Amino acid sequence: MITLTHFLVVSACIFSIGLYTVLSKKNAIMILVGIELMINAAILNFVAFGKYDKVSYSGQIFALFAIVLAAAAVAVGLAIVLNVYRHYNTINPDEVNQLKDK
Amino acid sequence: MSPLAAFLYQSLLGKRDQSGIVSLLAIALSFTGGGLTWFTIWNNAPVTVQADWFTIGETSFKVGILLNNLSTLMLFLVPTVALPVHVYSRAYMKGDPGIHRYWMYLSLFCFAMLGLVIMDSLLLMYVFWELVGFASYLLIGFWFTRETAIQANKKAFLVNRIGDLGFLIGLAIVFTQFKTLNLVDLFGDNGLLYQSAIVDGLWVSPVNSLPQIWFTLGGLAFFLAAMAKSAQFPLHVWLPDAMEGPTSVSSLIHAATMVAAGVFLLATVFPLFSESALLFIAIIGTITAASAAYFALGQYDIKRILAFSTISQLGFMMVGIGIGTWDAALFHLTTHAFFKCLLFLSAGAVIHEMAHLKTHSQLDFDPQDLRNMGGLRHYMPKTFVLMSIASLALAGFPLTSGFLSKDSIVISSFEWALSKGNLYLIIPLSLIIVSILTAFYIGRLLFKAFFGEFRLTNQLHGKLHDHPLHEAPKTMLMPMFVLGVFCLFPLFSFNPFSYHDSWLMDGLLSDEYAFAPSHIAHLIIPAILFLGSVIGWIIGWKWYVQHRYPFNPANPALKVSLNQGYINQFYDVVFVKGTLKLAQFCYWFDRHVVDAFVSLIQSIVLSISQLSVWIDKYIIDGFVNTVASVTYWTGHQVRLVQNGKIQTALYSVFLIVLLGLIYLLFF
Amino acid sequence: MESTLFYAFATLAIGSALLLVNLKNIARALFLFFIVLFAMAGLYLFALADFVAITQIMVYVGGVLILMLFAFMLSNKELLKDLQDNSGSFLSMPKWQAIPVVLGFLLLMFYGIFEWQQAPSTWIIQSIENGNNITATDNNIHQIGLRFMTFYVLPFEIISIFLMMALIGASHLSRKERTI
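From a predicted model like this one, the values you see are computed outputs, not experimental measurements.

Here the focus is the overall build of chain C. The helix and strand inventory of chain C stands at eight helices and zero strands. In chain C, which comprises 180 residues, the share counted as buried stands at 24%. Long-range contacts, defined here as pairs at least 24 residues apart, represent 56% of the contacts in chain C between residues at least 6 apart.

Okay, structure coming up:
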């Protein structure tokens, strides 16, 4: 029997993996991938809880909104990454450290 | 008072007064004043005048004048001797560059001496006592450019200081016992001293009582004062050296007046002496007389011989006091003043002439040395005559005043010794021997100086004809003549052979003596003295005029006599060097112990301060610096977070959120 | 049967995600991301959200993933070289600073899930009692369309404008600078 708990567990795992990806990858694209994973985990959470809301389908509708927002985020993020690449000629976030405390 | 005015006048005027007229007038005024006073007071009731001086607590001290027989006698005596000396000084000190100081000091001295004799309080007497000593100091060191003069006046002052100490102790004892220092209260007719007695080993007076020993000690303290001032053995050492001063000064101060102040003091406080104190005084007087006579035998400086003669005669006076006949002592003091002063003035005339010869002939010899003189009677006959009269008086030759006074003492001492016991006969016998020696040494002086050939003739190579020795000038001769008259007997008694008829002794002591008179003594002793003097002179004539001197001139006895019994050397080694050694020891102690202690403390303090500096620098500052550096290092470490990487920022965000969630969920 | 499929999809998703994280080769990581997205879509189906699943595949896989692939390909020549390199290790080392935070979050969420499981929310129970839960036979698309036009019309419009803004902004950001 698939209870709500299973979904929540999976969502938690995906979220953690996404967090790890954000914190430890040396490629800006991978950071975006990590953000996407985290958003996906959140969407799964929404959908899991939305199963019990037939009145206003709020879970699924908000999941749809989240997908749209994620897409927009990724688009803008990639534009930023492109600009960063043009300026620094690298997409390794460790090398973009102009704000370093000298 | 007039000498005081003269002193002040001269001290203010300074160099302008060269002739001393002011001093002369002042002393003449004192002479007349003294004479008038003496005439009114003698053998009448004493007169006292008093005024309040100061008050300490309950005791008040008064200043005032006491005029009784004793004080008026001295009051008249001092100007009588001082006036001739002043006149004489005009000629003697002529041309001296410091003459204005001379008159100043001389007036000061006269003032002090006159004040001394008329004061009615022992405290005031002490003030003038010191002042007299100070004036003596100034006058001895008058020619202060000479090293010997400086040493001499220092010595005189120091030895006199010892006497002043005795005076102070005596003052303290008297004041403790009687609570007053007034002479009338103490020694007057109903004086406190007569009301006190020795009871059961205690000296009881109407206001206090002390153990008996203090009675003797009080007397001895005053005698100590007199010992120093009147040059008794062993404190006589300053008087021969005091001859460094001008001869006129020596004649006035150190022959006639100041040294007599001691005798005057003892006569004033005479009731204060106990039996043992009086015996002590007599013994010291005898020793003084004998030793001084012995020392005079070997001297060859004229003034030194006269100085020792003074000491010897003062010893006589002390014996006179010691045996209880203080009137005889004062009688001898009076006659001694005249003939000693004359002796000094004559010696001064001789020295004056010898000094003239020295400057004219440009030879280098000591004008005071007897061995350079001889045959002066041909050149200075009047001086010779006057000096002979004075010498006869000194020797106690009959028909002189000295005969009367000296015999009074010697005969009285003999009677006293008879009444006491046979052992006491040593004193009169010693006095007899000393008298004979006195005649001998003064004869020696006369023979060596005035008889024979002038010893410097060889060295002068006939220049004597170019600059012959003169007689002394009239200004010098007149005072000497006046004094010479006083040396003869008619001034003192109409009977040249008996001193009991002298008005002076009658006026001073009206009571009978404690001992019985002995008529045999009255006859034998003068005869012995006369014969002894004549024999001594014959021997002296043989030795010194005819140059048949039997002994070796360098025999040890003469050497001891010349060197004054080596007493000076003894004092030098024991006291002077001892004091210097003590001073050196104190200096060493101060430097090495006290200073070492101080520098030890200093080094301790320094090391403590260095320790605290080290502590401050390394521990306290080190602590603060460590805190600072730890903070810096921590900040430096923490700052590494800001490495500009985005993932670091995200990491810290999520870390904080995690921690916050954990906190919220579990705490 | 159902649970087996669910576990399969879940394993696929989580495994791909883990592998995705640990690969050095970025291109392969992106393709694994593609698999993760498909697996997630499958999981949505198990939650009875069919429209969301389809939308996920269309938007995410067909749009976002392609976009990322393009961006990656066009960016780093060195990394392209790295693709051909295939040297050394297959997996990259995990970053030790990030692990504790991640594990912390994971454990925290597990703890929350466990705690929640003890006492589920009342509204879920009420909705189950009232029969307000979505069943397998519901017409989700119809219902979602109805809700979009009536209940959620404002957020729908706003999000469309927002999407337009984002796209305009992104295209503006990535314009070519005119070099003189």
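Next comes the rest of the account.
Assigned secondary structure in chain B consists of 24 helices and five strands. When the 667 residues of chain B are sorted by exposure, 47% land in the buried category. Contacts spanning at least 24 positions in sequence make up 78% of the contacts within chain B whose residues lie at least 6 apart.

As a further point, take the nonpolar core. One finds B:Phe109, B:Val263 and B:Leu342 to be the most contacted residues of the largest nonpolar core, which totals 179 residues. Counting residues in hydrophobic clusters, the runner-up holds 82 residues, among them A:Phe46, A:Val47, C:Leu48 and C:Ala53.

Chain-level pLDDT for chain C is 85 on average; 88% of the residues reach the 70-or-more range. Model confidence for chain C, summarised as mean pLDDT per element, is weakest for helix 4 (residues 77-85) of chain C at 55 and strongest for helix 8 (residues 153-173) of chain C at 93.

If you look at the interface, chain C gives six residues, while chain B gives six residues. When the residues that make up the side of chain C that touches chain B are grouped by side-chain class, the tally is four nonpolar, two polar and no charged.

The subject of this paragraph is unusual backbone geometry. Trans peptide bonds make up the majority, and among non-glycine residues the majority have a negative phi. Phi at A:Tyr57 is positive, roughly 45°, even though this residue is not glycine. Note on placement: A:Tyr57 falls in the loop between helix 2 (28-50) and helix 3 (58-88). Judged by the 24 C-beta atoms lying within 10 Å of it, A:Tyr57 is buried. Of note, the phi angle at B:Ala231 is positive, near 55°, even though the residue is not glycine. Position of B:Ala231 among the secondary structure elements: in the loop between helix 9 (213-229) and helix 10 (238-241).

All names here are of chain B. Relative orientation of the contacting elements helix 3 (residues 69-92) and helix 19 (residues 474-486) amounts to 155°, with a least axis distance of 7 Å. Taken together, the axis directions place helix 3 and helix 19 in an arrangement best described as roughly antiparallel. Seen along the crossing, helix 3 lies across helix 19 with a hand that is left-handed. Contact residues: helix 3 offers Pro84, Val85, Val87, Tyr88, Arg90, Ala91 and Tyr92, while helix 19 offers Thr475, Met476, Met478, Pro479, Val482 and Leu483. Residues belonging to the contact of helix 3 with helix 19 are distributed by class as follows: 11 nonpolar, one polar and one charged.

Right, let's get into helix 15 (residues 381-395) of chain B. All names here are of chain B. For helix 15, which comprises 15 residues, the first-to-last C-alpha distance of 21 Å matches the rise-based estimate of 21 Å (1.5 Å per residue) to within 8%. Where burial is concerned, most of helix 15 is hidden: 11 out of the 15 residues are buried. For helix 15, every residue scored as buried is listed here: Thr383, Phe384, Leu386, Met387, Ile389, Ala390, Ser391, Leu392, Ala393, Leu394 and Ala395. Looking one or two residues past helix 15, Gly396 carries a phi angle of roughly 80°, positive in sign.

Glancing now at the environment of C:Ile134. Along the polypeptide, C:Ile134 turns up in the loop between helix 6 (122-130) and helix 7 (140-150). Classification of C:Ile134 as buried rests on a count of 20 C-beta atoms within 10 Å. Through-space distance from the C-alpha of C:Ile134 to that of C:Ala47 is 9.0 Å; in sequence the pair is 87 residues apart. Once residues within four sequence positions are removed from consideration, C:Ile134 is found in contact with A:Lys51, A:Lys54 and C:Leu48.

All names here are of chain B. If you trace the backbone, Ile150 turns up in helix 6 (residues 147-178). Given 15 C-beta atoms within 10 Å, Ile150 falls into the partly exposed group. Separated by 94 residues in sequence, Ile150 and Glu244 place their C-alpha atoms 8.9 Å apart. Aside from chain neighbours lying at most four places away, what touches Ile150 is Gly141 and Phe144.

Listed as interface residues are 67 residues of chain C and, on the opposing side, 58 residues of chain A. The element best represented in the side of chain C that touches chain A is helix 3 (residues 50-73) of chain C, accounting for 12 residues. Taken together, the residues of the side of chain C that touches chain A break down into 50 nonpolar, 14 polar and three charged.

Once that is clear, we can look at the packing of helix 14 (residues 326-361) of chain B against helix 16 (residues 401-420) of chain B. Relative placement of two packed helices is described by the angle separating their axes and the distance separating the axes. Residue and element names in this part refer to chain B. At a minimum axis separation of 9 Å, helix 14 and helix 16 run at an interaxial angle of 150°. What the angle tells us is that helix 14 and helix 16 run roughly antiparallel. Once helix 14 is placed against helix 16, the crossing between them reads as left-handed. Residues Ala328, Phe331, His332, Thr335, Phe338 and Phe339 of helix 14 form the contact with helix 16, whose participating residues are Ser401, Gly402, Ser405, Lys406, Ser408, Ile409 and Ser412.

Mapped onto the elements, C:Ala10 comes out in helix 1 (residues 2-22). The exposure class of C:Ala10 is buried, given the 22 C-beta atoms found within 10 Å. Sequence separation between C:Ala10 and C:Val36 is 26 residues, and the spatial gap between their C-alpha atoms is 9.5 Å. Non-local contacts of C:Ala10, meaning those with residues more than four positions away in its chain, are made with A:Val10 and C:Leu43.

Rules of the game
Residues numbered from 1 in each chain as written. Chains lettered and ligands numbered in written order. Predicted model: local features only at pLDDT ≥ 70, side-chain atom pairs only at ≥ 80, totals over all residues. Helix = DSSP H or I, 4+ residues; strand = E, 2+ residues; numbered from the N terminus. Buried ≥ 20, exposed ≤ 12 C-beta atoms within 10 Å, placed from the backbone. Contact = placed C-beta atoms within 7 Å. Core = buried A, V, L, I, M, F, W, Y, C linked by C-beta atoms within 7 Å. pLDDT = per-residue confidence, 0-100. Nonpolar A, V, L, I, M, F, W, Y, C, P; charged D, E, K, R; others polar. Axes fitted to C-alpha atoms, helices over the stretch in contact; angles between N-to-C directions. Parallel < 35°, antiparallel > 145°, perpendicular 65-115°, else oblique. Left-handed = near helix turned anticlockwise from the far one by under 90°. Expected span 1.5 Å × (residues − 1).

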